[in-house]
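Tertiary structure, described
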Amino acid sequence: MGKILDKITSPGEVKELSNVELEVLAGEIREFLIDSVSKTGGHLASNLGVVELTISLFKSFNLEKDKIVWDVGHQSYVHKILTGRKDQFNNLRKYNGLSGFPKRCESKYDAFDTGHSSTSISAALGMARARDIKNEDNQVVAVIGDGALTGGMALEALNDVGFKKTKMIVILNDNQMSISPNVGGLSTHLNNLRMEPRYNKLKSNINETLSNSNAGKKLASCISRFKDSIKQFVVPSMLFEDMGLKYIGPINGHDIETMTEVLEKAKQIDEPVIIHVVTSKGKGYELAEKNPNKFHGVSPFDLESGEAYIPSERSYSKVFGDAMLDLAKEDERIVAITAAMPDGTGLKGFAKEFPNRFFDVGIAEAHATTLAAGLASANLKPVFAVYSTFLQRAFDQLIHDVCIQNMPVIFAIDRAGLVGEDGETHQGMFDLSYLSQVPNMTVLAPKHLNEIKVMLKWAITQNGPVAIRYPRGTDCCNEMNPLTEISYGKWERIVTGEKIAIIAVGKMLQHALLAKEILKSNGINPTIINATFVKPLDNNMLESLVKEGYDIVTIEDNIINGGFGSYVLMKLYELGFRNKFKALGFKDKFVPQGNVDLLYKENKLDPEGIAEAIIELNK
């Protein structure tokens, strides 16, 4: 007899399974996930935690018309498996392969593209209101984690949902709290009563009858106050009730039968409902259960040991973390901030060594930025370590709270440029554009791992905001000597050549050096310049290049529009430049998922593509 999972080709088939078969299916999905992700890499712990929850959703809802929006979306693997994409998992997160996040272009069952946190409730609310305007009858569900709920956008959406009483269901997937036994029994009893359609109809009828007289209104008010005072003692998370949502929970998110029963009853409630579901991240794989952070996002790994096949390298994140530790020991004014990414940004050691000077604010980049400004106003030296793609979420705060006041906040911008397999939502290809346009901001980019500490040490001495942006991973070229000191606004001439000058930013300097040998074989000997500072430009260097009659090529791992090349070109023409110019970077489109080296090649920002563009310019 074949596996149940192998017979599932569409969501509707899940609804036909018995509870016993659903439990078997859950085990088969876990087995498939662990085996598959160990070979491809991907998000493992979060997906293992939502197996039963996803099955329950498929059992309760009709995905031919009902909408499920997965917050962030990295926990949507089970959803993808049950919507006919199981056989594509061998190409998970690869170029032209299955995305690691929901994609509307990939399946009609993916209701909304997600990738950043805290967006699901807003998107689902939009769908629910569109349904009501169009007089349709589908259900709308947002699935959001407890971590994502720290994002202000999620709370803004909840406030709107509760105020307008729009009918929808929010699943709060809580994988950190445990269910309290002494509250659970009473809570379950109350929830069963409050979910019953007869209870809600009776409640509505009583309220309607009492509202017909002044005495009745007073009685209703007294009953309501008494009910609320009792509920404060016996029902958790009254915040949601006070915001206008009916709260149900906590529910064991690994109990398919109970979850299905709760969801079926929630569908009958004609107002917004939030269901608090408790799950265990990494469930079913002991190593992931013990260390869910390690198995959040993984490279291919050995199933028995849990260790990655490719050993970890000396990365920019690690060097940044080490530099922060060293500098903080010398300067007690240095404080570190992260938005739920202490491991990813390299700050785990700092957090352990200086717990009173480390602030993990949760998934709240806007808050983190203004927090940093507040710390800076009190003469501390805050360093906010954040991925490039996530700093986008704090653009207003960066302008309004940091740069207008010229606060000495240091932004350590990790994962600048391409990150690869996480795709469009995570590529850090906009930071040079959005940072360079803001007055008072200084922007640097190291060409070498060992320049991180030098730049941090310099940034701490400055009296205004400084951004240091650096790539994921390690260096790809050894033909470099790291800078040992920084001079404000000064670039570095790495190679002196003739006729063509290449001005490259950060990692692209390494690609330019690798392209040098290809160019040499074509009779081209370029001058190569490291743009240590993206802002301000080295105007003296540019003036020299104009006077020396160079054609100029800029290279950046950023979108060309509004990027480094744009600013260089504007300055060149101020200086009377009339020679050939070429800006290399990402064109006006989003870069999909895939291996980083392949993506650079596809966008002609690999050494061969750079050489090709320069050879063409030289004709």
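Criteria and thresholds
- Residues numbered from 1 in each chain as written.
- Predicted model: local features only at pLDDT ≥ 70, side-chain atom pairs only at ≥ 80, totals over all residues.
- Heavy atoms only, no water.
- Buried < 20%, exposed > 50% of the residue type's maximum accessible area, 1.4 Å probe, protein only.
- Helix = DSSP H or I, 4+ residues; strand = E, 2+ residues; numbered from the N terminus.
- Pairing = 2+ DSSP bridges.
- Right-handed = clockwise from strand over helix to strand, strands pointing away.
- Axes fitted to C-alpha atoms, helices over the stretch in contact; angles between N-to-C directions.
- Parallel < 35°, antiparallel > 145°, perpendicular 65-115°, else oblique.
- Contact = heavy atoms within 4.5 Å.
- Nonpolar A, V, L, I, M, F, W, Y, C, P; charged D, E, K, R; others polar.
- Phe/Tyr/Trp six-rings, centres within 6.5 Å; stacked < 30°, edge-to-face > 60°.
- Lys NZ or Arg CZ within 6 Å of the ring centre and 35° of its normal.
- Salt bridge = Lys/Arg side-chain N within 4 Å of Asp/Glu carboxyl O.
- Polar contact = N/O pair within 3.5 Å; in protein donor to acceptor, adjacent residues only side chain to side chain.
- UniProt positions renumbered as here; feature names shortened; annotations may be inferred.
- Lys, Arg positive; Asp, Glu negative; His and termini not counted.
- Core = buried A, V, L, I, M, F, W, Y, C linked by side-chain atoms within 4.5 Å.

**A word on the pairing of strand β4 (residues 169–174)**
With respect to burial, β4 is a largely interior element, six of its six residues being buried. Going residue by residue along β4, you find Ile169, Ile171 and Asn173 tucked away on one face and Val170, Leu172 and Asp174 tucked away on the opposite face as well. Bridge count for strand β3 (residues 140–145) against β4 is five bridges, and the pairing is parallel. The residue bridging Val141 from the neighbouring strand is Ile169, located in β4. Handedness of the crossover joining β3 and β4 through helix α8 (residues 152–164) is recorded here as right-handed. As paired elements, β4 and strand β6 (residues 273–278) share six bridges and run parallel to each other. By the bridge assignment, Ile171 is partnered in β6 with Ile275.

**A look at the packing of helix α7 (residues 120–133) against α8**
As a packed pair, α7 and α8 sit with axes 8 Å apart at the nearest point and diverge in direction by 30°. When the axes of α7 and α8 are compared, the pair comes out roughly parallel. Residues Ile121, Ser122, Leu125 and Arg129 of α7 form the contact with α8, whose participating residues are Met153, Ala154, Ala157, Leu158, Asp160, Val161 and Lys164. Split into classes, the residues belonging to the contact of α7 with α8 amount to seven nonpolar, one polar and three charged.

**Considerations on the packing of aromatic side chains**
A complete count under the given rule lists 19 aromatic pairs for this structure. Considering the side-chain rings of Phe350 and Phe354, the 5.2 Å spacing of their centres and the 50° angle between planes classify their relative orientation as tilted. Residue Phe354 is classed as buried on the basis of its relative accessible area of 13%. Between Phe586 and Tyr600, the ring centres sit 6.5 Å apart and the planes meet at 20°, which makes this aromatic pair stacked. Within this pair, whereas Phe586 is found in strand β19 (residues 581–586), its partner Tyr600 is found in helix α25 (residues 596–602), the two being separated by 14 residues in sequence. Accessibility assignment for this pair places Phe586 and Tyr600 in one class, buried. Among the aromatic side chains, those forming a connected cluster through ring pairs are Phe32, Tyr77 and Phe89. Seen from the ring of Phe61, Lys267 lies directly overhead, with NZ or CZ sitting 5.4 Å from the centre.

**Overview of the sheet that holds β6**
The strand order across the open sheet formed by five strands is β2-β3-β4-β6-β5, and the pairing between neighbours is parallel. Edge positions in the open sheet fall to β2 (67–70) and β5 (246–252), since each of these has one partner strand only. This sheet shows a mean twist of 20° between the axes of neighbouring strands, independent of strand direction. The strands touched by α7 are β2, β3 and β4; relative to β3, the strand with the most contacts, the crossing angle is about 175°.

**Quick look at the pattern of salt bridges**
In total, this model carries 35 salt bridges according to the counting rule given. For Asp87, the salt bridge goes to Lys86, with nearest N and O atoms at 3.5 Å. Given the relative accessible area of 64%, Asp87 is considered exposed. Lys103 serves as the salt-bridge partner of Glu424, at 3.2 Å between the closest nitrogen and oxygen. In this pair, Glu424 sits in the loop between β11 (410–414) and α20 (431–436) while Lys103 sits in the loop between α6 (77–85) and α7, placing the two residues 321 residues apart along the sequence. For Glu424, a relative accessible area of 30% translates into the label partly exposed. Take Lys103: its relative accessible area is 10%, and that puts it in the buried class. Through salt bridges with shared partners, one network takes in Lys80, Arg85, Glu106 and Asp110.

**Points about the side chain of His79**
Tracing the chain through its elements places His79 in helix α6. Overall, His79 belongs to the buried group, its relative accessible area being 1%. Reaching out from His79, the side chain makes a polar contact with the side chain of Trp70 at a distance of 3.4 Å. When near neighbours in sequence (up to four residues on either side) are disregarded, His79 contacts Thr54, Phe58, Leu63, Trp70, Arg85, Tyr109 and Asp110.

**Things to note about the UniProt feature "binding site: Mg(2+)" (unreviewed entry) in the protein chain**
Within this structure's numbering, the places UniProt gives as "binding site: Mg(2+)" (unreviewed entry) are Asp146 and Asn175. With the annotated positions falling across 30 residues, the maximum pairwise C-alpha distance of 7.2 Å places them together in a single cluster. By secondary structure assignment, the location of Asp146 is in the loop between β3 and α8. Note that Asn175 resides in the loop between β4 and α9 (181–195). Setting aside its immediate chain neighbours within four residues, Asn175 contacts Asp146, Thr279 and Lys281.

**A short note on the sheet that holds strand β18 (residues 551–559)**
A sheet is described by the order of its strands in space; here five strands give the open sequence β14-β16-β15-β18-β19, paired in mixed fashion. Each edge of the open sheet carries a strand with a single partner, namely β14 (492–495) and β19. Ignoring which end each strand starts from, the neighbouring axes of this sheet average 25° apart. In this sheet, strand β16 (residues 527–530) lies alongside strand β15 (residues 500–504) in parallel orientation, the contact comprising four bridges. Bridge assignment links Ala501 to a residue of β16, and that residue is Thr527.

**Notes on the side chain of Lys59**
Inspection of the secondary structure puts Lys59 in helix α5 (residues 51–60). Buried within the structure, Lys59 lacks any salt-bridge partner; its nearest side chain of opposite charge belongs to Glu16, at an N-O separation of 7.2 Å. Polar side-chain contacts of Lys59 include one of 2.8 Å to the backbone oxygen of Lys15. Sequence-distant contacts of Lys59, defined by excluding residues within four places in its chain, comprise Val14, Lys15, Leu17, Leu22, Thr260 and Glu264.

**Some words on the environment of Ser107**
Secondary-structure assignment places Ser107 in the loop between α6 and α7. Between the C-alpha atom of Ser107 and that of Gly84, which follows or precedes it by 23 residues, the distance is 9.1 Å. Looking at Ser107, its side chain comes within polar contact range of the main-chain nitrogen of Tyr109, at 3.1 Å.

**Some thoughts on the environment of Gln139**
Tracing the sequence through the fold places Gln139 in the loop between α7 and β3. Remark: the alpha-carbon pair of Gln139 and Phe61, spanning 78 residues in sequence, is separated by 7.7 Å. From its side chain, Gln139 meets the backbone oxygen of Lys267 in a polar contact 3.5 Å long.

**Thoughts on the nonpolar core**
By size, the foremost hydrophobic cluster in this structure holds 86 residues, and its most contacted members are Phe320, Leu391, Phe411, Leu456, Trp491 and Phe564. Apart from the residues lying within four places of it in its own chain, the contact partners of Leu456 are Phe320, Ala323, Met324, Leu327, Val383, Ile410 and Ile468. Membership of the second largest hydrophobic core comes to 54 residues, among which are Ala26, Val277, Phe295 and Phe301.

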